[in-house]
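# Structural features, examined
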Amino acid sequence: MPGIVFEGRTDMILADKIIELRKKNGWSQEELAELLGVSRQAVSKWESAQAIPDMNRVLKLSSVFGVSTDFLLKDEMEMPESAEPGVDAGEPAADFVETRMVGMEEANAFMEYKNRAAVRIAAGVLMCILSPVLMLVLGAVSEAGALLVAENAAEAIGMIVLFLLIGGAVALFVTTGIQGHRFEYFEKELIETAYGVSGVVKDRRDKFHPTFVMQLTLGIVLCVISVIPVFCGALLFGEDNALGEDLGAALLLVLVAIGVFLIVRVCIINGGFQMLLQEGEYTRAEKRENKRNEPLESVYWAAVTAAYLIWSFITMAWHQTWIIWPIAAVGFGVIKAILKMVRQRG
């Protein structure tokens, strides 16, 4: 148990220093716990010397209290005359319940899930993009008189395949989301990795990086050159020829589907590394912003999905309407940036 705290003591242990600094800043145990992203019980145990914070916690204590780690860890150092709170002191983690400790077993399970989810979600997106391809091909061949099936029957077959592919994609999205429910906290809450976990994750990320760059680049290139079949169809069959237009549009969707599959897959896997390391879009500050944007995000993407389906079914221009997704993604990024600027000024 810590002794009575006296100003200017030179033999204060860590527990005494936490009490002294917390009281100097006028914080309760609950308030300090919020700043550190831990439970009040954890702070109570530190102050009663029943437990010792790990090095990551000591670094956070140093930042929050505005003192050096040497002062916190060395018993003989005197209390600074004026310890100013760190930059995070005015930003309590009120949006988070408690920091979760992630061990090696949990980290491995999470990365295994991310690898499976990357393929399943990328496949679902590919199926959505490819869903109108058969309808376009059958319609074009039927109009050209090269198909024994009537035009209406060909269109019906194409529509059936379209809905089957979309239904299969939705099933992939739903089942993958259910399987990953236990790992949602990696994206939304603060985490702390056990000793050695970060090093292993960084090693895996570095090994994956060449694959990430290569497949991301290839995916972007395929999306860019996907317009070539449309121009080739116009050159071979004439600008007003429906067969050339529809076949070109079908090939365009195939190239886009493959490109997006590659992009989505590697981005999901790379995002898993960032979640474990709390880097990129998953830093403490970004998680706070994302948590605030959750209601807007749900409404936004629901509206985009509805707009995509309505536009596509009214115009039947599936080879053009897919463009709504990259535009919507860029637009949402702009909206998030604007909201962040407004909050910072406020």
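What comes next is a walk through the structure.

In terms of regular secondary structure, the protein chain is built from 15 helices and two strands. Counting over 346 residues, the protein chain shows a buried share of 38%. In the protein chain, once contacts between residues fewer than 6 apart in sequence are set aside, the share between residues at least 24 apart is 73%. Here the protein chain has roughly 18,500 Å² of accessible surface; of this, 63% comes from carbon and sulfur atoms.

Put simply, helix H6 (residues 104–130) and helix H10 (residues 197–225) touch, their axes get as near as 10 Å, and they point 25° apart. Between H6 and H10, the angle falls in the class roughly parallel. The handedness of the crossing between H6 and H10 is right-handed. Residues Met104, Ala107, Asn108 and Met111 of H6 touch H10, and the partners they reach there are Val197, Val200 and Arg204. Its residues placed into classes, the contact of H6 with H10 shows five nonpolar, one polar and one charged.

Time to look at the nonpolar core. Within soluble globular proteins, side chains that are nonpolar tend to cluster in buried spots. One finds Val102, Phe110, Phe186, Leu253 and Leu276 to be the most contacted residues of the largest nonpolar core, which totals 37 residues. Only H6, helix H7 (133–143), helix H9 (185–188), H10 and helix H12 (242–277) provide two or more residues apiece to this core. Beyond its immediate chain neighbours, meaning those up to four positions away, Phe186 contacts Val102, Glu106, Phe110, Ile191, Met275, Leu276 and Lys287. Formed by 19 residues, the second largest nonpolar core is a distinct cluster that contains Trp27, Leu36, Val43 and Val67.

Now for the pattern of salt bridges. A complete count under the given rule lists six salt bridges for this structure. Here Arg182 makes a salt bridge to Glu106, at a shortest N to O gap of 2.5 Å. Of this pair, Arg182 sits in the loop between helix H8 (151–179) and H9 while Glu106 sits in helix H6; the two residues are 76 residues apart in sequence, bridging distant segments of the chain. The salt bridge partner of Lys207 is Asp203, with a shortest N-O separation of 3.4 Å. Of this pair, Lys207 and Asp203 both sit in helix H10, four residues apart, roughly one helical turn. Three or more residues are tied together by salt bridges with common partners; here these are Arg205, Asp206 and Glu279.

Okay, the packing of aromatic side chains next. All chains considered together, the criterion is met by 12 aromatic pairs. For the pair Trp27 and Phe65, a centre-to-centre distance of 6.0 Å together with 20° between the ring planes defines the contact as stacked. With Trp27 in the loop between helix H1 (14–24) and helix H2 (29–36) and Phe65 in helix H4 (residues 55–65), the pair connects residues that are 38 residues apart, well separated along the chain. Each member of the pair, Trp27 as well as Phe65, carries the same accessibility label: buried. When the ring of Phe183 is compared with that of Phe186, the centres are 6.1 Å apart and the planes differ by 50°; the resulting orientation is tilted. Each of the two residues, Phe183 as well as Phe186, counts as buried. We note Lys17 situated over the ring of Phe71; from NZ or CZ to the ring centre the distance is 4.6 Å.

As a further point, take the side chain of Thr321. On the secondary structure map, Thr321 appears in helix H14 (residues 318–321). Assessed through its relative accessible area of 0%, Thr321 is described here as buried. With residues near it in sequence (within four places) discarded, Thr321 still touches Tyr308, Trp311, Ser312 and Thr315.

We now examine the environment of Leu130. Along the chain, the position of Leu130 falls in helix H6. Since its relative accessible area comes to 24%, Leu130 is described here as partly exposed. C-alpha of Leu130 to C-alpha of Ile258: the two residues are 128 residues apart in sequence and 9.4 Å apart in space. The contact partners of Leu130, leaving out residues within four places of it in the chain, are Leu165, Leu253, Val254 and Ala257.

The rules behind the values
- Each chain has its residues counted from 1, running along the sequence as written.
- Given that the model is predicted, a residue must reach a pLDDT of at least 70 before its local features are reported, and side-chain atom pairs must reach 80 or more before they are shown or counted; all residues, however, enter totals for whole chains, interfaces and linings.
- As a rule here, side-chain values come from all non-hydrogen atoms in the structure, and water together with hydrogens is ignored.
- Helix and strand assignments come from DSSP, with helices taken as H or I runs of at least 4 residues and strands as E runs of at least 2, each series counted from the N terminus.
- Burial here depends on accessible area, computed with a 1.4 Å probe over protein chains only, as a share of the maximum for the residue type. Under 20% is buried, over 50% is exposed, and the range in between is partly exposed.
- Contacts between residues were defined by any pair of non-hydrogen atoms, one from each residue, lying within 4.5 Å.
- Only the protein chains shown count as covering a residue, and every accessible area follows the Shrake-Rupley method with a 1.4 Å probe.
- Inter-axis angles, ranging from 0 to 180 degrees, are taken between N-to-C directions of lines fitted to C-alpha atoms, where helices are fitted over the stretch in contact.
- Geometric relationships in this document are graded by angle, where less than 35 degrees denotes roughly parallel, more than 145 denotes roughly antiparallel, 65 to 115 denotes roughly perpendicular, and other angles denote oblique.
- Take the far helix as the reference: if the near one is turned anticlockwise from it by less than a right angle, the crossing is left-handed, and if turned clockwise, right-handed.
- Note on residue categories: nonpolar means Ala, Val, Leu, Ile, Met, Phe, Trp, Tyr, Cys or Pro, charged means Asp, Glu, Lys or Arg, and polar means any other residue, Gly included.
- We call a set of buried residues a nonpolar core when its members are Ala, Val, Leu, Ile, Met, Phe, Trp, Tyr or Cys and they connect through side-chain atoms within 4.5 Å of each other.
- For salt bridges, the criterion is a side-chain nitrogen of Lys or Arg within 4 Å of an Asp or Glu carboxyl oxygen.
- What counts as a ring pair is set by centres within 6.5 Å for rings of Phe, Tyr and Trp (its six-membered ring), and what kind of pair is set by the plane angle: stacked under 30 degrees, edge-to-face over 60, tilted for all other angles.
- Only Lys NZ and Arg CZ are tested; either one counts as a charge over a ring when it is within 6 Å of the ring centre and within 35 degrees of the ring normal.

The analysis is restricted to geometry; functional conclusions fall outside its scope.
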